[in-house]
Amino acid sequence: MATVWRAQSAFARLFVGKIAQIPNNCADLSSKLSPGPLSVACASRNYSNYAHSPFVNKIREQYEYEVVKNPPEWKYVERLLPFETIPAVTPKENYPSGWIPPREEAKNLPYYMSRTRNHEVPIYLHVTFRGMRKITKIKKIEGDIWLFNDIIKAHLKETSGKYVETRVHELGQFIEVKGDYVNILRDWAHSKGF
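Parameters and conventions
- Residues numbered from 1 in each chain as written.
- Predicted model: local features only at pLDDT ≥ 70, side-chain atom pairs only at ≥ 80, totals over all residues.
- Heavy atoms only, no water.
- Helix = DSSP H or I, 4+ residues; strand = E, 2+ residues; numbered from the N terminus.
- Buried < 20%, exposed > 50% of the residue type's maximum accessible area, 1.4 Å probe, protein only.
- Contact = heavy atoms within 4.5 Å.
- Areas by Shrake-Rupley, 256 points an atom, 1.4 Å probe, with all protein chains shown as cover.
- Phe/Tyr/Trp six-rings, centres within 6.5 Å; stacked < 30°, edge-to-face > 60°.
- Lys NZ or Arg CZ within 6 Å of the ring centre and 35° of its normal.
- Axes fitted to C-alpha atoms, helices over the stretch in contact; angles between N-to-C directions.
- Parallel < 35°, antiparallel > 145°, perpendicular 65-115°, else oblique.
- Left-handed = near helix turned anticlockwise from the far one by under 90°.
- Nonpolar A, V, L, I, M, F, W, Y, C, P; charged D, E, K, R; others polar.

When helices and strands are counted, the protein shows six helices and six strands. Out of the 194 residues belonging to the protein, those deemed buried represent 22%. Contacts in the protein between residues at least 24 apart in sequence constitute 56% of all its contacts with a sequence separation of at least 6. A total accessible area of about 16,300 Å² is found for the protein, and carbon and sulfur atoms account for 56% of it.

So, in structure tokens, the structure goes:
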């Protein structure tokens, strides 16, 4: 008996739910079943596209705010904003991060490697083929790039004790070295004054 009653009540819930989803029968059925207000399924409507949805009236602001133009308070806002340009480095004897500034005597060499806009040496490591291929890339080289390549090859052969493959891209102003030699080349660039 209890099993029959559960099945009948489940069917009644399913039947009322299906009928309530039909827009034409919604108001009639809900008024007959319950004398109270319309059901939640009838009150809210999902609009299928933009053309059938109603226009949005004025949206109330979530937060009340006041625009204040007070210069002493503006300095707290300015320090949160990002820099439009990278500021120039203030000269010091040494920097806590270990950063080394470029020296003036590097500009007298027949080749030159300029810094990036963040004042860093442009030597990068590219790892491809799931870590199987490692290529060190030296960018922003100006002047005699072939002499620069010969000096780098000689320095790497002396430091690592083996022959190193390089590829020079004269128009792109960069050199690619086969292998991971980023730290050795950065130390060499700092010693030259770049």
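There's plenty left to go through after this.
Taken together, the buried positions of helix H6 (residues 182-192) are occupied by Val182, Leu185, Trp188, Ala189 and His190. Buried-residue contacts for H6 involve strand S1 (111-113), strand S2 (123-128), strand S3 (133-138), helix H5 (145-160) and strand S6 (174-178). Looking one or two places after H6, you find glycine 193, whose phi comes out positive at around 100 degrees.

Once that is clear, we can look at the packing of aromatic side chains. For the structure on display, the rule yields seven aromatic pairs. Judged by centre distance (5.9 Å) and plane angle (70 degrees), the ring pair of tyrosine 112 and phenylalanine 194 falls under edge-to-face. With tyrosine 112 in strand S1 and phenylalanine 194 in the segment after H6, this residue pair connects regions lying 82 residues apart in the sequence. Relative to tryptophan 188, the ring of phenylalanine 148 has its centre 5.5 Å away and its plane inclined at 75 degrees; by these criteria the two rings are edge-to-face. Pair noted here: phenylalanine 148 is in helix H5 and tryptophan 188 is in helix H6, with a separation of 40 residues, a long-range link. For phenylalanine 148, a relative accessible area of 0% translates into the label buried. Put simply, the rings of Tyr111, Tyr112, Phe148, Trp188 and Phe194 touch in pairs and so form one group of aromatic residues. For the cation-ring pair, lysine 137 lies above phenylalanine 174, with the distance from its terminal atom to the ring centre recorded as 4.2 Å.

Now for unusual backbone geometry. Positive phi, close to 65 degrees, is recorded for histidine 119, a residue that is not glycine. By the secondary structure assignment, histidine 119 is in the loop between S1 and S2. Relative accessible area serves as the criterion here: at 25%, histidine 119 is assigned to the partly exposed category. Non-glycine residue glutamine 173 carries a positive phi angle of around 60 degrees. Relative to the helices and strands, glutamine 173 is located in the loop between strand S5 (166-169) and S6.

It is worth spelling out the side chain of serine 114 at this point. On the secondary structure map, serine 114 appears in the loop between S1 and S2. Excluding anything up to four places from it in sequence, serine 114 contacts Pro122, Lys140 and Glu142.

Two elements in contact, H5 and H6, have axes whose closest approach is 11 Å; the angle formed by their N-to-C orientations is 120 degrees. Considering their axes alone, H5 and H6 lie oblique with respect to each other. Here the hand of the crossing between H5 and H6 comes out right-handed. In contact with Phe148, Ile151, Ile152, His155, Leu156 and Thr159 of H5, H6 contributes Ile184, Leu185 and Trp188. A per-class count over the contact of H5 with H6 returns seven nonpolar, two polar and no charged.

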